[in-house]
Amino acid sequence: MPENGYQYDVLYIGAGHGTFDGAAPLAAKGYKVGVVEADEIGGTCPNRGCNAKITLDAPVELVRFQERMKDIVSGDLTFNWAENVKHEHEVIDGLPDFISGLLNDSGVDIIKGHGKLTGAHSVDVDGTEKTAANIVVATGQRPHRVDVPGSKLAHDSTEFMAMTELPQNITIIGSGYISLEFATIANAAGSDVTVLMHHDKALRAFHQPYVEHVLADLESRGVKFVKNVEVSEFTQNGDKYTVSYNDGQSVETDWILDASGRIPNVEELGLDEVGVKYNEHGIEVNDHLQTSVDSIYASGDVLDKKQPKLTPTAIYETTYLMQLFSKETTDAINYPAIPSVVFTSPRIAQVGVNPVSVADNKDYTVNENNLLDGWYRLVDNESYAKNTIVYDADHKIVGASEVSEKADNAINSILPAIEFGFGPEELGRLVYLFPSLESDTKDLL
């Protein structure tokens, strides 16, 4: 039974990865758990984020591979956008029911409706009060929209992934993950793409020499980049749109994607009324993911945190809260090394210490490797592949960045060495399958 006569031991607001990966096992342990969700079960990642994006990107990998192997495998590949989107929905459309099934089978109550905090232990769900010993706010983020006249003429990432016909000309506002990933996909599918960058650098959290290579590759494929842009207005003339920027400059286009970032969903949750502190970056929490109200916690992308706002981070946080609520731990959350990747082609991935941040620090050694010196990268004709490894004073790996067609898998293979502090002796005991990417990567560490 719930503590102190409340209806639930734990009540979650939001049903994304910041919730269900912890809520289901918590309920399976015998705790009374409720999940409040007004939208689709599963949140952004399964429904309109990671799963959809990587499905749309899969043909890009195939096209790029055939391009590299064109002297061996003859013939041109045709990119069918409508079939690509159809396949995307074959992958994602069943996920809300699948996740709902997992929650139901574990004994979680799914409560449809908008949840709003009304007290330290109470949530109003469309006029019905629910009470809980502890409440978790896991409402995630949503696309930011530039605040200019005509902003409603622009579209967001969800709308991009739902298009059954790809416009001939696409203009993208922003130069982060979403911008460059969708620029890669749209360009490969045959659209003319223009990217309007607010600054002079893209993907500013990533190793810039590698970012510059990706931009140069996209430029060679016809993508146009305009730097230091201050968008001023969107207008429509018939079936064409104009993006005005800076002092009288403009670009005409068929479709506008606003990829100017993502912002936390903190509005209309009752945070001010109950005294939960937050800022423009999200809800403020302590090292136990506890807000300024002791019985209210938060997890996932809605948090104000230094860690990357990614699905694996949200899963780690909600799993930690499950252990905290079930009294398996009383310790503060101890984040592991969390990798990041941009699904461009080539990909950029990184984990741990950024090489730029320690460039002048004598306690660290930074080595860059040309990965084409390892024979395995030549198998499928990669033409450019590099990584940068950061070592501490004991020559243990503390950071890695890579640009290559296989950067995501290569960084995953290095991840255990960083998380568990492997030095030369431990690395020497890792015997990978041969030949393999992992074996090739290890040889250059």
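Use the structure listed above.
Quick summary incoming for the structure in this document. The structure presented is a predicted model; accordingly, all values stated were derived computationally and were not measured. (Residues numbered from 1 in each chain as written. Predicted model: local features only at pLDDT ≥ 70, side-chain atom pairs only at ≥ 80, totals over all residues. Heavy atoms only, no water.)

In terms of regular secondary structure, the protein is built from 13 helices and 23 strands. Here the C-alpha atoms of the protein give a radius of gyration of 23 Å, agreeing with the 22 Å that 2.2 N^0.38 yields for 445 residues. In terms of overall dimensions, the protein has C-alpha extents of about 70 × 65 × 40 Å along its principal axes. Taken across its 445 residues, the protein has 51% of its residues classed as buried. Of the contacts made within the protein by residues no fewer than 6 positions apart, 63% connect residues no fewer than 24 positions apart. By element, 49% of the accessible surface of the protein is carried by carbon and sulfur atoms, the whole surface being about 20500 Å². Counting 34 positive and 68 negative side-chain charges, the protein places the centres of these two groups 2 Å from one another. (Helix = DSSP H or I, 4+ residues; strand = E, 2+ residues; numbered from the N terminus. Rg over C-alpha atoms; globule rule 2.2 N^0.38 Å. Buried < 20%, exposed > 50% of the residue type's maximum accessible area, 1.4 Å probe, protein only. Contact = heavy atoms within 4.5 Å. Areas by Shrake-Rupley, 256 points an atom, 1.4 Å probe, with all protein chains shown as cover. Lys, Arg positive; Asp, Glu negative; His and termini not counted. Charge placed at Lys NZ, Arg CZ, Asp CG, Glu CD.)

What follows concerns unusual backbone geometry. Looking along the chain, the bond that leaves S345 and enters P346 is cis, with omega of 5°. The topology assignment puts P346 in the loop between β19 (340-342) and β20 (347-352). Unusually for a residue other than glycine, N246 sits at a positive phi of about 50°. On the basis of relative accessibility, which here comes to 31%, the residue N246 falls in the partly exposed class. A positive phi angle, near 65°, is found at N381, a position not held by glycine.

The next point concerns the pairing of strand β8 (residues 169-173). The element β8 is extensively covered by neighbouring structure, given that 4 of its 5 residues are classed as buried. Across 5 bridges, β8 lies against strand β9 (residues 192-196) in parallel orientation. The residue of β9 that forms the bridge with T171 is T194. Traced from β8 through helix α7 (residues 177-188) to β9, the parallel crossover comes out right-handed. Relative to strand β14 (residues 255-258), β8 is paired through 4 bridges, and the arrangement is parallel. Residue pairing across strands places I172 opposite L257, the latter belonging to β14. (Pairing = 2+ DSSP bridges. Right-handed = clockwise from strand over helix to strand, strands pointing away.)

Under the definition given, this model contains 10 aromatic pairs. A centroid spacing of 5.7 Å and a plane angle of 80° characterise the contact between Y177 and F206, whose relative ring orientation is edge-to-face. You can see Y177 sitting in helix α7 and its partner F206 sitting in the loop between β9 and α8 (208-220), a full 29 residues away along the chain. Since its relative accessible area comes to 30%, Y177 is described here as partly exposed. Ring pairs connect the aromatic residues F79, W81, F160, F182 and W255, which therefore count as one cluster. (Phe/Tyr/Trp six-rings, centres within 6.5 Å; stacked < 30°, edge-to-face > 60°.)

So, about the nonpolar core. The nonpolar side chains of soluble globular proteins are, as a tendency, buried together. One finds Y12 and L117 to be the most contacted residues of the largest nonpolar core, which totals 45 residues. Non-local contacts of L117, meaning those with residues more than four positions away in its chain, are made with I13, S122, V123, I135, V137, L269, G270, L271, V274, V276 and I296. (Core = buried A, V, L, I, M, F, W, Y, C linked by side-chain atoms within 4.5 Å.)

The next subject is the sheet that holds β20. Strand order in the open sheet formed by 5 strands is β19-β20-β23-β22-β21, and the pairing between neighbours is antiparallel. Strand pairing shows two members of the sheet lacking a second neighbour, β19 and β21 (365-370), which therefore form its edges. Ignoring strand direction, the axes of neighbouring strands in this sheet form an average angle of 10°. Here β21 runs beside strand β22 (residues 386-391); their pairing, made up of 6 bridges, is antiparallel. Bridge pairing in β22 places N367 opposite I389. With respect to the sheet, helix α11 (residues 407-419) is in contact with β19, β20, β22 and β23 (397-404), its orientation differing from that of β23 by roughly 175°. (Axes fitted to C-alpha atoms, helices over the stretch in contact; angles between N-to-C directions.)

Let us now look at empty space enclosed by the protein. Throughout the structure, instances matching the rule amount to 2 cavities of 30 Å³ or more. Within this model, the largest cavity holds a volume of roughly 40 Å³. Lining the largest cavity are S413, I414, L427, L430, Y432, E438, K442 and L445. Of all the elements in the fold, those that place two or more residues in the lining of the largest cavity are α11 and α13 (437-443). For the lining of the largest cavity, the residue count by class is 5 nonpolar, 1 polar and 2 charged. One number sums up the size of the second largest cavity: a volume of about 30 Å³. W375, Y376, F434, S436, S439, D440 and D443 are the residues that line the second largest cavity. Here the residues of the lining of the second largest cavity sort into 3 nonpolar, 2 polar and 2 charged. (1 Å grid on protein atoms, 1.4 Å probe; cavity = no way out; pocket = protein on both sides within 12 Å on 5 of 7 lines; lining within 4 Å. Points joined across faces, edges and corners; volume = space filled by probe spheres on them. Nonpolar A, V, L, I, M, F, W, Y, C, P; charged D, E, K, R; others polar.)

Moving on, we come to α8. For α8, built from 13 residues, the straight-helix expectation of 18 Å at 1.5 Å per residue is met to within 8% by its first-to-last C-alpha distance of 18 Å. Along α8, the residues that are buried comprise Q208, Y210, V211, V214, L215, D217 and L218. Close packing links the buried residues of α8 with α7, β10 (224-226), β20, β21, β22 and β23. Backbone geometry just after α8 places G222 at a positive phi near 110°. (Expected span 1.5 Å × (residues − 1).)

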